[in-house]
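A structural walkthrough
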Amino acid sequence: MEASARTGAQSGAQKSALGANAQWGGRFAGGPAQIMSDINASIGFDKRMWRQDIQGSLAHAAMLADIGVLSGDDECAIAQGLGAIGAEIAAGDFVFETALEDIHMNIEARLTERIGDAGRRLHTARSRNDQVACDFKLWVREAIDGLSGQITTLMGALADRAAEHAADPMPGFTHLQTAQPVTFGHHLLAYVEMLARDRGRLEDCRRRLNECPLGAAALAGTSFPIDRHGTAAALGFDRPTANSLDSVSDRDFALEFLAAAAICATHLSRFAEEIVIWCSAPFRFIRLSDAFTTGSSIMPQKRNPDAAELVRAKTGRIAGALVSLLTVMKGLPLAYGKDMQEDKEPVFETADTLALCLAATEGMVRDLMPELGRMEAAAGQGFATATDLADWLVRTLKLPFRQAHHVTGRLVALAEARDVDLAALDLGAMQSIEPGITEDVYSVLTVAASVASRTSHGGTAPANVAREAARWQARLADAPDAATEVAA
């Protein structure tokens, strides 16, 4: 049959198979107003769940056959019909009907057209309420798996660059003011730690969502002797949900997914902001290639870090999606309300947006070229070794730290008045503030000495950074799931 003839036949058969009011059957004689159809239909976005809908229906049909509600012939026909429908959708040959509202009824109507009454029996002992909850959980679970993999890949890219620059100094900032020297590798590893927590939150969400709502029916369960444990196992869930009311009204998993995604996007945005700053002319800490920058329509000298700016901006979409769904859910009584149809678009858009941001960030991490000389010079500016001086006064002269802090502050003021760095103050000038200071003090006032001295656990000493980068590289290569473990 030609595509046009087949799709026309499908459209007519779908409508006739379920009546003028596809979902409500004989209860309503008249059709809905056009505006009602427009606001009610979700097929425009929930068709993304067609694979999950077919997967859930196959498991449900197998269970119904096991308990004797469906015959073996009916189960076989359903399985073959759903397989054929899946192939139609994958090939782009399936016609989605807005009149049938959602993905569930579109597939069921097409199944009934293909196999007759066996298709109508499939909906025994289930409702669209538990069906959509099941489909949605399956979709979110797959999205989490994909995003977790992307996070792991980004962590690997950061760890690789951290290993490459374990000993290369740069300024560490607080309040965006020069604070103390760190290494570029240490700075990059900070984001590995953030992303490890992000992946951990997603995996926690996955563990909590992995209970199967199928079989809760509309809200009260069913009188059929169904095997919910068997259906849950067939779909890869750990167990069935325990309460039928909660099963169909729970969207915690979607909220938790959005919350985890929003935190992850916030981390990506912070890194994107640093890339924007580092690329700017006053800093010039890194360069990005043409692959991740754009030019100006009027200023030929410009190289704009647009990829980073867009990652920074798209975080607003993801945070907004979380607020959107929280607002939808905040006033809903048990059990299901049509409001909950608004749960999917924020989740779908968030998954797409976060995946794009992770890919763009990984690309920039691998692409960026640090200006090491510029970073090292900046690391020594702004009296960045002042804390090293104070520590020396405590260690060598046994001054209380508060007194050492005061002495150092006076020395910084003297250096600032003379427009020199601390290391450029002569010994006599230093001794005018604190007579006990000796020539040995100059050994701690270099950037290299400063970063090398920070050997405490988690500190920026190059040996620490090289060890941590290697540890992450090994964990991410050999056991990606270990990326969420707390560092020993």
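Residues numbered from 1 in each chain as written. Predicted model: local features only at pLDDT ≥ 70, side-chain atom pairs only at ≥ 80, totals over all residues. Heavy atoms only, no water.

**Quick word on the overall build of the protein**
Each helix and strand counted, the protein has 20 helices and 6 strands in total. Residue burial in the protein is summarised as follows: out of 488 residues, 49% are buried. Considering only intrachain contacts with a sequence separation of at least 6, the fraction spanning at least 24 residues in the protein is 74%. Accessible area for the protein stands at about 22,000 Å²; split by element, carbon and sulfur atoms hold 54% of it. (Helix = DSSP H or I, 4+ residues; strand = E, 2+ residues; numbered from the N terminus. Buried < 20%, exposed > 50% of the residue type's maximum accessible area, 1.4 Å probe, protein only. Contact = heavy atoms within 4.5 Å. Areas by Shrake-Rupley, 256 points an atom, 1.4 Å probe, with all protein chains shown as cover.)

**Details of the nonpolar core**
By size, the foremost hydrophobic cluster in this structure holds 77 residues, and its most contacted members are V140, L158, F257 and L354. Among the elements of the structure, α8 (128-164), α9 (184-209), α12 (252-279), α13 (306-329), α14 (344-367), α15 (372-379) and α20 (462-478) are those that each provide at least two residues to this core. Aside from chain neighbours lying at most four places away, what touches L158 is L188, Y191, V192, L195, F271 and V365. Core analysis: the next-biggest nonpolar cluster, separate from the first, contains 23 residues, L389, V407, I433 and L445 among them. (Core = buried A, V, L, I, M, F, W, Y, C linked by side-chain atoms within 4.5 Å.)

**Focus on helix α4 (residues 50-66)**
Along its 17 residues, α4 runs 24 Å from first to last C-alpha, staying within 8% of the 24 Å computed at 1.5 Å per residue. Among the 17 residues that make up α4, 12 are buried, leaving the element largely enclosed by the rest of the structure. For α4, the secondary structure elements touched by its buried residues are α3 (43-46), α5 (72-91), α6 (103-115), α7 (117-121), α8 and α10 (228-234). The positive-phi residue at the C-terminal boundary of α4 is G68, with phi of around 85 degrees. (Expected span 1.5 Å × (residues − 1).)

**Notes on unusual backbone geometry**
The residue after L334, namely A335, is reached through a cis peptide bond having omega 5 degrees. Position of A335 relative to the elements: it lies in the loop between α13 and α14. In the Ramachandran plot, A125 falls in the positive-phi region, its phi being about 70 degrees despite a non-glycine side chain. Inspection of the secondary structure puts A125 in the loop between α7 and α8. The backbone of K398 sits at a positive phi, close to 60 degrees, despite the residue not being glycine. Tracing the sequence through the fold places K398 in the loop between α16 (386-397) and α17 (401-417).

**Brief notes about the packing of aromatic side chains**
Enumeration according to the criterion identifies 9 aromatic pairs in this entry. Between F94 and F96, the ring centres sit 4.9 Å apart and the planes meet at 55 degrees, which makes this aromatic pair tilted. According to the relative accessible area criterion, F96 is partly exposed, its value standing at 26%. Joined through ring pairs, the aromatic side chains of F136, W139, F253 and F348 make up one cluster. (Phe/Tyr/Trp six-rings, centres within 6.5 Å; stacked < 30°, edge-to-face > 60°.)

**Quick notes on the pattern of salt bridges**
Applying the stated criterion across every chain yields a total of 26 salt bridges. Between D145 and R206 there is a salt bridge, with its nearest N and O atoms 2.7 Å apart. Taken together, the positions of D145 in helix α8 and R206 in helix α9 put the pair 61 residues apart, joining distant regions of the chain. The class for D145 is partly exposed, based on a relative accessible area of 39%. It is possible to trace a salt-bridge network through shared partners that takes in E88, R110, E113 and R114. (Salt bridge = Lys/Arg side-chain N within 4 Å of Asp/Glu carboxyl O.)

**Some points on a nonpolar patch on the surface**
Together, I35, M36 and I39 line one region of the surface with nonpolar side chains, adding up to about 330 Å² of accessible area. In this fold, M36 is placed in helix α2 (residues 34-40). (Patch = residues over 30% accessible without salt bridge, like charges linked within 9 Å, V, L, I, M, F, W, Y side chains within 5 Å.)

**A word on the packing of α4 against α8**
Between α4 and α8, whose axes approach to 9 Å, the crossing angle comes to 120 degrees. The orientation of α4 relative to α8 falls into the category oblique. In the packing of α4 onto α8, the handedness of the crossing is right-handed. Together, Q52, D53, Q55 and S57 of α4 and Q131, D135, L138, W139 and E142 of α8 make up the contact between the two elements. Residue composition of the contact of α4 with α8, by class: 2 nonpolar, 4 polar and 3 charged. (Axes fitted to C-alpha atoms, helices over the stretch in contact; angles between N-to-C directions. Parallel < 35°, antiparallel > 145°, perpendicular 65-115°, else oblique. Left-handed = near helix turned anticlockwise from the far one by under 90°. Nonpolar A, V, L, I, M, F, W, Y, C, P; charged D, E, K, R; others polar.)

**Quick word on the pairing of strand β2 (residues 177-183)**
Pairing between strand β1 (residues 169-174) and β2: 6 bridges, direction antiparallel. Within β2, the position partnered with P171 by the bridge is P181. In sequence, β1 turns back onto β2 through a hairpin of 2 residues, with H175 there showing a positive phi of about 60 degrees. (Pairing = 2+ DSSP bridges.)

**Side note on the environment of D388**
Summarising the element assignment, D388 is placed in helix α16. Residue D388 is classed as buried on the basis of its relative accessible area, which comes to 4%. When the C-alpha positions of D388 and S443 are compared, they lie 9.9 Å apart, and in sequence the two are 55 residues distant. Look past the residues within four positions of D388 in its chain and what remains in contact with it is V444, S450, S453 and R454.

**What about the confidence of the model for the protein?**
Per-residue confidence for the protein gives a mean pLDDT of 90; residues scoring 70 or more make up 90%. Across residues 1-21, where pLDDT falls below 50, the model places 33 contacts with residues more than four positions away in sequence or in other chains. (pLDDT = per-residue confidence, 0-100.)

**Topic: the side chain of T231**
Mapped onto the elements of the fold, T231 is located in helix α10. Note on T231: relative accessible area 2%, which makes it buried. Residues within four places of T231 in sequence aside, it is in contact with A59, M63 and L214.

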